[in-house]
Amino acid sequence: MVITTTIPDSGEQLQPTFASRYVRTPVPKYKMPADPIPKEAAYQIINDELMLDGTPRLNLASFVTTWMEPECEKLMMAAINKNYVDMDEYPVTTELQNRCVNMIARLFNAPVGESDTAVGVGTVGSSEAIMLAGLAFKRKWQTKRKLEGKPYDKPNIVTGANVQVCWEKFARYFEVDLKEVKLSEGYYVMDPVKAVEMVDENTICVAAILGSTLTGEFENVKLLNELLTKKNKETGWDTPIHVDAASGGFIAPFIYPNLEWDFRLPLVKSINVSGHKYGLVYPGVGWVIWRTKEDLPEDLIFHINYLGSDQPTFTLNFSKGSSQIIAQYYQFVRLGFEGYKNVMENCLENARVLKEGIEKTGLFNIVSKEDGVPLVAFSLKDSSKYDVFEISGSLRRFGWIVPAYTMPPNAEHIAVLRVVIREDFSRALAERLISDIEKVMKEMETHPIRVSTKTAHVTATVDETQDGDDGGKKHIKKSARETPEEITTYWRKLVAGKRTGIC
């Protein structure tokens, strides 16, 4: 079929090309068009633009699942128009969520009997799960303080400085002070000893991470439980623990079954995990599980009946899709314990191959640990000629998205690259990435200094005049790198100050 149409406000026509493909023409970016256009044209315009996105499977920055079996995708598409909150209309979907909650709770060794029902809920992701867990801790702490006749207006949470930004969001949005244990070079997770020292009577919980975003490392939850138990006995407090197992919750039970980090530890009252990470489901789905009913205050649960029967709900949002819940259940049924174990073992093996290949270059220090989330974080041994940010940019030419970042405060002078190994990252891809890293490093070694547009192999400098201490003028030489960095920083501040919307 051949279609030619005029896009409103542009005056230009979409011209048909081979196989009914259309030449991309300008469309209004900030104004809805006045008139409709053919569905084929709308599809082609958007599809052409989306082609400029990165390839998800080569996005090694993300922990999020980028591949699922076609059979599961069919189930997801069939449920794409189901609103999960309509529990009375979609009782089977609700039942599948409940089954997932119970499977995860038992995977995390929750104290529930064979016929007991676990306490938990599916969420849009771990961010919502953490918000809900944090609210439960805050409400329980406030209720206890009120009964004791003590102030309840200054709650705090103790975490490591390596926590994901969602913890900072929770603290800011729900007015909780975030007390962070600073990191140090070579130790990029929360120190349990320092964490317990920071606990006071206003601490609603200590948040431990099973799988740090920075290095994939598991924090020592068992030691934290022991130290906090001792402090609680000495002070009369009952400070609990939450485990942020967003990345590691679907790894540890299969690979490190003897590692005690979950509900086997008495002070662990809630755990969150991301189904869309190593739960092997497309985004976005997360889960939060509570140890017992008593750990989730009843007054946080809403009961509604205007969609049918009485429906309890504890979420930050209301409507959400059913597809990811169904996909999670599919993966549990499809893979089972042994299937998940095989996937995780394969990921760890591919991480080992990548780590060894990077080490053989002789140019990097491996920052990540052997035990933990399957990822490889590495820093340059010598960054005097070039840095990890330039390496990250150069790898883009080969299609790879490999993030470069600096560590949090007290270790911010350490800059690293990080590659996350997911189910769809094969050994062949690992070997190809090693080869491309070697190519990039050879180029860097051959041409280590960035060149200006005019002069090759020379570090360009810019003269700037500033007021001197004696009132006179002085000239400052700035490299080609420093000048654009300052300009970029300036514009970022300027734009941030003028933002009126929310992103």
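What you see is a predicted model; the values in this text were computed from it and never measured.

A. Representation of the environment of S368 within the structure. When you line up the elements, S368 lands in the loop between β10 (364-366) and β11 (375-380). Note: C-alpha distance between S368 and S379 (11 residues apart in sequence) is 9.9 Å.

B. Highlighting the nonpolar core. Within the largest apolar cluster, 101 residues are counted, with the highest numbers of intra-cluster contacts made by V243, W261, M344, F364 and I391. A total of 14 residues in this core trace back to one element, the largest contributor, which is helix α9 (residues 323-360). Residues within four places of W261 in sequence aside, it is in contact with F108, L210, V221, V243, A245, G249, A252, P253, V268 and I271. Judged by nonpolar contacts, the second largest core, of 26 residues, contains I130, M131, W141 and A207.

C. Spatial organisation of helix α4 (residues 126-147). Its 22 residues give α4 an end-to-end C-alpha distance of 32 Å, which sits within 8% of 32 Å, the value for a rise of 1.5 Å per residue. Two residues or fewer after α4 comes G149, characterised by a positive phi angle close to 70 degrees.

D. Layout of the pairing of strand β7 (residues 286-290). Of all 5 residues that make up β7, 5 are buried, and the element is covered over most of its length. Along β7, one buried face is formed by G286, V288 and W290 and the opposite face, lined by W287 and I289, is buried too. Where strand β1 (residues 119-123) meets β7, 5 bridges bridge the pair, whose relative direction is antiparallel. Among the inter-strand pairings, G122 is bridged to a residue of β7, identified as W287. With 5 bridges connecting them, strand β6 (residues 268-274) and β7 associate as antiparallel partners.

E. Structural detail: the packing of helix α10 (residues 388-395) against helix α11 (residues 427-446). Where α10 meets α11, the axes come as close as 10 Å, and the angle between the chain directions of the two elements is 125 degrees. Looking at the two axes, α10 sits oblique to α11. Where α10 crosses over α11, the two elements pack in a sense that is right-handed. Contact residues: E390, I391, S394 and L395 in α10; D436, I437, V440, M441 and M444 in α11. The class makeup of the residues in the contact of α10 with α11 is 6 nonpolar, 1 polar and 2 charged.

F. Structural context of the packing of aromatic side chains. In the structure shown here, the tally under the stated rule is 11 aromatic pairs. Arranged with centres 5.1 Å apart and planes meeting at 70 degrees, the rings of F108 and W261 form a pair that is edge-to-face. You can see F108 sitting in the loop between α3 (91-107) and β1 and its partner W261 sitting in the loop between α8 (252-255) and β6, a full 153 residues away along the chain. Overall, F108 belongs to the buried group, its relative accessible area being 0%. Aromatic pair F250 and F332: ring centres 5.9 Å apart, planes at 55 degrees, arrangement tilted. One end of the pair, F250, is in the loop between β5 (241-244) and α8; the other, F332, is in helix α9, and 82 residues separate them in sequence. Each residue in the set F250, F254, F332, F337 and Y340 is aromatic and connected to the rest through ring pairs, giving one cluster. A cation sits over an aromatic face here: K146 above Y152, 4.8 Å from the ring centre. Here K277 stacks its cationic end above the ring of F63, 5.5 Å away from the centre of that ring.

G. Region of the structure containing the UniProt feature "modified residue: N6-(pyridoxal phosphate)lysine" (unreviewed entry) in the protein. Feature annotation in UniProt places "modified residue: N6-(pyridoxal phosphate)lysine" (unreviewed entry) on K277, given in this structure's numbering. Looking at the element boundaries, K277 is found in the loop between β6 and β7.

H. Up close: the pattern of salt bridges. Scanning the entire structure with this criterion turns up 21 salt bridges. The shortest N-O distance in the salt bridge between K385 and E445 comes to 3.8 Å. Of this pair, K385 sits in the loop between β11 and α10 while E445 sits in helix α11, and the two are 60 residues apart along the sequence. Here K385 falls in the partly exposed class, since its relative accessible area comes to 40%. A network of salt bridges, in which partner residues are shared, links R57, R422 and D424.

I. Quick look at empty space enclosed by the protein. Counted under the stated rule, the structure contains 1 cavity of 30 Å³ or more. Its volume calculated, the largest cavity comes out at about 70 Å³. As for the largest cavity, its lining consists of F63, V64, T65, T66, W67, K277, Y278, L280, R422, E423 and D424. Of the residues in the lining of the largest cavity, the class split is 5 nonpolar, 2 polar and 4 charged.

J. Quick peek at α3. Between its first and last C-alpha, α3 extends 24 Å over 17 residues, near the 24 Å set by a 1.5 Å rise per residue. Of the positions making up α3, those classed as buried are T93, T94, L96, Q97, C100, V101, N102, I104 and A105. In this structure, the buried residues of α3 make contact with β1, β6, β7 and α9.

Rules behind the numbers
- Residues numbered from 1 in each chain as written.
- Predicted model: local features only at pLDDT ≥ 70, side-chain atom pairs only at ≥ 80, totals over all residues.
- Heavy atoms only, no water.
- Helix = DSSP H or I, 4+ residues; strand = E, 2+ residues; numbered from the N terminus.
- Core = buried A, V, L, I, M, F, W, Y, C linked by side-chain atoms within 4.5 Å.
- Buried < 20%, exposed > 50% of the residue type's maximum accessible area, 1.4 Å probe, protein only.
- Contact = heavy atoms within 4.5 Å.
- Expected span 1.5 Å × (residues − 1).
- Pairing = 2+ DSSP bridges.
- Axes fitted to C-alpha atoms, helices over the stretch in contact; angles between N-to-C directions.
- Parallel < 35°, antiparallel > 145°, perpendicular 65-115°, else oblique.
- Left-handed = near helix turned anticlockwise from the far one by under 90°.
- Nonpolar A, V, L, I, M, F, W, Y, C, P; charged D, E, K, R; others polar.
- Phe/Tyr/Trp six-rings, centres within 6.5 Å; stacked < 30°, edge-to-face > 60°.
- Lys NZ or Arg CZ within 6 Å of the ring centre and 35° of its normal.
- UniProt positions renumbered as here; feature names shortened; annotations may be inferred.
- Salt bridge = Lys/Arg side-chain N within 4 Å of Asp/Glu carboxyl O.
- 1 Å grid on protein atoms, 1.4 Å probe; cavity = no way out; pocket = protein on both sides within 12 Å on 5 of 7 lines; lining within 4 Å.
- Points joined across faces, edges and corners; volume = space filled by probe spheres on them.

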